[in-house]
Amino acid sequence: MEPFTDLPRVRSDSMSSSVSQGSRSKVLLRQRLSQLLTCIDDMSSDDEASEEVSRTLDEAFQLCGRFIPTDAFRLHIVTWNVATAEPPKDVASLLQLDVEPPTDLYVIGLQEVNATPVRFLSDLLVEDAWSHVFMDTLAPRGFVKVTSVRMQGLLLLVFAKQLHLPFIRNVQATYTRTGFFGYWGNKGGVTVRFSFYGHMVCFLNCHLAAHVNYALQRVDEIEYILETQDFDLPDTPHVRDHKAVFWFGDLNFRIADHGLHFLRSSINSGRLHLLWDKDQLTMMKKKEAFLQEFEEGPLNFKPTYKFDRNSETYDTSGKKRKPAWTDRILWRIKAKTFPPEDEDEKASTSSDEGLDEYPLQVTQDKYTSDMSYGASDHKPVIATFSLEVKKCFDTPLVHVSPLGVWSADQEALLNYTVQEDFLSSTWDWIALYKVGFKSALDYETFVWVREEELPETNEVIQLHVDKDEIPLLGGDYVLGYYSTNMQSIIGLSANFQIMESKRAVMEGLVPENINGLNQ
């Protein structure tokens, strides 16, 4: 699986839309340049003209400079219809763990996870096997599961580098059934949304209706999902209200008209471009305005369906399904709303000049599949993105820190301080995590925040941790403040060490140290 390094990267940003507003994103800049030409024509004095030209140019370049984001983050998305298979032991290739620059966010969308009644009920009680393999792989590298959502065979997982956790807020998940007239969840969409450094992002994993003749039904299903899914936040009540939306999954669009021989011949000869015009999703995007809002990189990888299992050979069964790009990853950037044309002059003189103070730019760096995985009749599809943003904030809502020496031989102390007002709750808690923890619930112990009254901003609050709750063995740990309302960890301490306790020696958990020698 090699990246197509000779292909131009696909880029979009919150200041424009590839459909209708790409040119208007620079309307104010054009006005400045128009003023420049006008002042050259009108000014009679060379000195006056020079001064006016200089001023107008300065304004124009300042306008350009405002669009430059200050931070870049790497997003890695995987979609895979696993066809009820058990997870492979090694998912390192799928996650491209050693890529540079390193990944900040992993978003993994699976379809057809084993959802037999017994298996599904057991997965509700404990993490499913797929979640475990991804958590076990990513946790040692400092990634924590932010959240997940499951609807029968649909599973969506979100992981973030530990250092980003305090800046991922307002996490919410939902799902929509479209199977059997909306009563069955074998088809539909599962969604996770959150604020990432103040930028509202949304991830939608779908499994749409199958078979070549149901292209229109697939369009109806995704339109229904986009219109009906809602969230209880006033600024982003629906999917398309988010600044960035990533839509992926087994969308089940097929390649129309072409016969099996032509399809396989085009694929084997590497002439994939001959198939693009008959790709149903490409065809539907030409007809449906809401689909045109979504962007997709070029399909320069082989169709990912349908294969004989554990092989790279397309379907040799009696059905001989035609190959198709069923598995896709698209994205949408919410276009900046500009004033009407007759208000452009008024807008150009406003203090923020009608522009987004905190822009978000998305660049797709890679769009490919991984043929090495053969457990399913689908191949996984991978897309990596650069998210260039100007952070809306870079201070955690809560500062938390341990006090003094921690060991199981004595009661421990910690401090926390609310640094910025937020909707706190007496159901919030502060947990002790071992470094390399897998999720917010993967704690050693926890204490509730102060119960009698909510804290004031910058008030230092001290809590006690019972010595019986502290691990007997030493190691590296971290404290995390979990917000019930935001469904996320909004404050982390620096890593600190818990000392091995005398009780651990007495109970034979560690060898006794005598005169510096382990006996």
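Details of the structure are given in the entry above.
As the structure is a computational prediction, the values presented were derived from the model and not from experiment.

*Asks:* For the overall build of the protein, give the residues involved together with the corresponding values.
*Replies:* Looking only at helices and strands, the protein features 12 helices and 23 strands. When each of the 519 residues of the protein is scored for burial, the buried share is 53%. Contacts in the protein between residues far apart in sequence, at least 24 positions, make up 71% of those at least 6 positions apart. Working note: accessible area of the protein is about 24500 Å², and carbon and sulfur atoms make up 51% of it.

*Asks:* Go over the sheet that holds strand 15 (residues 412-418), please, and point to the residues and values.
*Replies:* Through backbone hydrogen bonds, the strands of a sheet pair up, either in parallel or in antiparallel fashion. Strand order in the open sheet formed by three strands is 13-15-18, with antiparallel pairing between adjacent strands. Strands at the two margins of the open sheet, each flanked by one partner only, are strand 13 (398-403) and strand 18 (460-465). The average undirected angle you get between the axes of adjacent strands in this sheet is 25°. Relative to strand 15, strand 13 runs antiparallel, the two being bridged by six bridges. From the neighbouring strand, Ser401 faces strand 15, where its bridge partner is Asn415.

*Asks:* Let's hear about the environment of Tyr106: which residues, and what values?
*Replies:* Position of Tyr106 among the secondary structure elements: in strand 3 (residues 105-111). Owing to a relative accessible area of 1%, Tyr106 belongs among the buried residues under this scheme. As a C-alpha pair, Tyr106 and Ile77 span 29 residues in sequence and 6.0 Å in three-dimensional space. Discounting residues that sit within four places of it in the chain, Tyr106 has contacts with His76, Leu95, Gln96, Leu97, Leu138, Phe143, Leu157, Val158 and Phe159. Separated by 2.8 Å, the side chain of Tyr106 and the backbone oxygen of Leu95 make a polar contact.

*Asks:* Go over empty space enclosed by the protein with me, naming the residues and quoting the values.
*Replies:* Taken as a whole, this structure holds two cavities of 30 Å³ or more when the rule is applied. What the second largest cavity holds in volume is close to 40 Å³. When residues of the lining of the second largest cavity are traced back to their parent elements, those giving at least two are strand 16 (429-434) and strand 17 (445-448). Across the lining of the second largest cavity, the residue classes tally to nine nonpolar, one polar and no charged.

The rules behind these values
Residues numbered from 1 in each chain as written. Predicted model: local features only at pLDDT ≥ 70, side-chain atom pairs only at ≥ 80, totals over all residues. Heavy atoms only, no water. Helix = DSSP H or I, 4+ residues; strand = E, 2+ residues; numbered from the N terminus. Buried < 20%, exposed > 50% of the residue type's maximum accessible area, 1.4 Å probe, protein only. Contact = heavy atoms within 4.5 Å. Areas by Shrake-Rupley, 256 points an atom, 1.4 Å probe, with all protein chains shown as cover. Pairing = 2+ DSSP bridges. Axes fitted to C-alpha atoms, helices over the stretch in contact; angles between N-to-C directions. Polar contact = N/O pair within 3.5 Å; in protein donor to acceptor, adjacent residues only side chain to side chain. 1 Å grid on protein atoms, 1.4 Å probe; cavity = no way out; pocket = protein on both sides within 12 Å on 5 of 7 lines; lining within 4 Å. Points joined across faces, edges and corners; volume = space filled by probe spheres on them. Nonpolar A, V, L, I, M, F, W, Y, C, P; charged D, E, K, R; others polar.

Purely geometric stuff here, so don't read any function into it on its own.
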